Amino acid sequence: MNRNDEFTELMKELEESVPAVDESIKRASRRKARKKFLYQPMVGLASAFLLFVLAVNLCAPVAEAVDKIPLLRDLANAVKYSKSLKAAVENDYAQEVYLTQTKDGVTVEITSMIVDKQELTVFYRIVSEQYDRLAAYWAVPKTSETKDKEVAGSTYVINFGPQKIGEIEHLDEEMRYVTVNFYDEDAMPEKLPLCITAWNAENYAADVQAGLFSETNYLIGWEEQAERYKVADFAFELDLDLAQIPEPVIYEVNQTVELDGRSFTIEDIEVYPTYINMNLLAGRGLDASLEWLYFYVENENGEVFLANSAGYEGKRQYKLGAESPYFSEGKLTRIVITGARWSEQGKKATYINLKTGEASNLPEGVSLIELRSTGNTYDMVFEMPYMRGMDLDIDDPFGEKHWIPPFALYHDEEWNYYEGEERWKIEQDEENNLIGESGIFEVRLEDYPEEEVWLTNMYSGVWYAEEKVVIDIP
């Protein structure tokens, strides 16, 4: 092997080591914990170190790879709970950005982006010497660019990275991320305005502990938190290179299944770098629409990718999302369905008479346990059952409990909509597992002028399969 070949091999080793640096650090820590010392001749190690130093100082690509190690480590730590984003970061799919703004003692730094067909993930830090605990609220403003692309309104949704405000896990300068999901395939614009409100989470936590919102430590909404505890507003414009998005890997399925007596055809699966789209076509004459499907896909190596979103496309068409196997080895081999949530015809909304307490069309298992009123302010307290998720560790399709709010929008008989302040109480153990079989969901309507109200149901019924429904992928 000549010198050029040796240098090429060194470059490969350096490039391959960058995504795995976090795991390497962990392995080194474990070796240190075992307190076993191996004495090796130092000549070879010194030579390798000298070669590495020379490579870093004389070769720009090697220096760039070394400089990226802290950033990659921070990105990997930020997305450690997202299988798809973690794989994208480890495979160097994130684009470096470096946009910075400072205002009122707060600096927001956007470091990287992951751009996919219908999903944009933005990584950022909030730095401040004045505030110890800051949270972020993101929004896409309505501009001519977003309006032309049909981004504004209900065609996108913003999801936040892990932010446990009650415990304030995220401290100053930690890497965080926000994801913007676009419902329409061609909705993502080349230039995207993105606004952030930095707000004082420490003051909010103190107010919760002081009982200003509720003695049961309920949360107020993200937008209300941001407005009430605002520190500074920032506005960015992101340049998105849409030409770099790869074409999806398509799996043709075209198989019909019966779920709780209802017929659906799984048409195909589209695999993108950060998500899956599974396209379903509902059979004609169904008495309910599909709100959520509990499912996962599996590849030939037994690796599992869980469902994480659901959307109705119209004309009986559904688009269901899941974690992405794009960067994994092995083709997809099967789809496994374990349950569903339905919205039945005639049960789209719960009716409540605010004077008599009469209630009808409540979601399955949900009950109105208390109704309080002071003037035109009404407090409705509901007990709601926890949903059964999927615990793959014990291969139990309904072993893991979770919960979703039973209601969304609130309107009167004339379809005038009102804002409801939503609060909830759930009990968890030290590992954040839900305790018991149900929780409390409370809705407050202030200055509501009518005696009757309709609450849009997030679901009307839940179905758990007695046996897993398995569909083999051709």
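None of the values given here were measured: they were computed from a predicted structure.

Peer 1: What is the right way to look at the sheet that holds strand β7 (residues 191-200) in this model?
Peer 2: Each strand in a sheet pairs with another by means of backbone hydrogen bonds, the pair being arranged parallel or else antiparallel. With antiparallel pairing, 3 strands are arranged side by side in an open sheet as β4-β7-β8. A strand with exactly one partner marks an edge of an open sheet, and here the two such strands are β4 (134-139) and β8 (230-239). Sheet twist, expressed as the average angle between the axes of neighbouring strands with direction ignored, equals 25°. Sheet topology note: the β4/β7 ladder contains 6 bridges and is antiparallel. Its bridge partner lying in β7, Tyr 137 is registered against Thr 197. Its contacts with the sheet put helix α7 (residues 201-209) on β4 and β7, and the angle it makes with β7 is roughly 50°.

Peer 1: Could you clarify how one ought to interpret the pattern of salt bridges in this entry?
Peer 2: Pairing between side chains of opposite charge can happen when their charged atoms approach one another. For the structure shown, the criterion picks out 15 salt bridges. Asp 379 is the salt-bridge partner of Arg 444, the closest N and O atoms lying 2.8 Å from each other. You can see Arg 444 sitting in strand β25 (residues 438-445) and its partner Asp 379 sitting in strand β19 (residues 377-385), a full 65 residues away along the chain. Of the residues examined, Asp 379 reaches a relative accessible area of 7% and is grouped as buried. The network of salt bridges with common partners includes Glu 370, Arg 372, Asp 379, Glu 442 and Arg 444.

Peer 1: Before we go on, may I ask you to explain the confidence of the model for the protein chain in this structure?
Peer 2: Should the pLDDT be low somewhere, the predicted coordinates at that spot are not to be read in detail. Of all residues in the protein chain, 72% have pLDDT values of 70 or greater, and the mean over the chain is 77. Overall, residues 160-172 carries pLDDT values under 50, and its contacts beyond four positions in sequence, including any with other chains, amount to 41 contacts.

Peer 1: Looking at this structure, how should I read a negative patch on the surface?
Peer 2: Together, Glu 413, Glu 414, Glu 450 and Glu 451 give the surface a local cluster of negative charge. By secondary structure assignment, the location of Glu 414 is in the loop between β22 (407-411) and β23 (417-418). Overall, the relative accessible area of 61% leaves Glu 414 in the exposed class.

Cut-offs used in this document
- Residues numbered from 1 in each chain as written.
- Predicted model: local features only at pLDDT ≥ 70, side-chain atom pairs only at ≥ 80, totals over all residues.
- Heavy atoms only, no water.
- Pairing = 2+ DSSP bridges.
- Helix = DSSP H or I, 4+ residues; strand = E, 2+ residues; numbered from the N terminus.
- Axes fitted to C-alpha atoms, helices over the stretch in contact; angles between N-to-C directions.
- Contact = heavy atoms within 4.5 Å.
- Salt bridge = Lys/Arg side-chain N within 4 Å of Asp/Glu carboxyl O.
- Buried < 20%, exposed > 50% of the residue type's maximum accessible area, 1.4 Å probe, protein only.
- pLDDT = per-residue confidence, 0-100.
- Patch = residues over 30% accessible without salt bridge, like charges linked within 9 Å, V, L, I, M, F, W, Y side chains within 5 Å.
- Areas by Shrake-Rupley, 256 points an atom, 1.4 Å probe, with all protein chains shown as cover.
- Lys, Arg positive; Asp, Glu negative; His and termini not counted.
- Charge placed at Lys NZ, Arg CZ, Asp CG, Glu CD.

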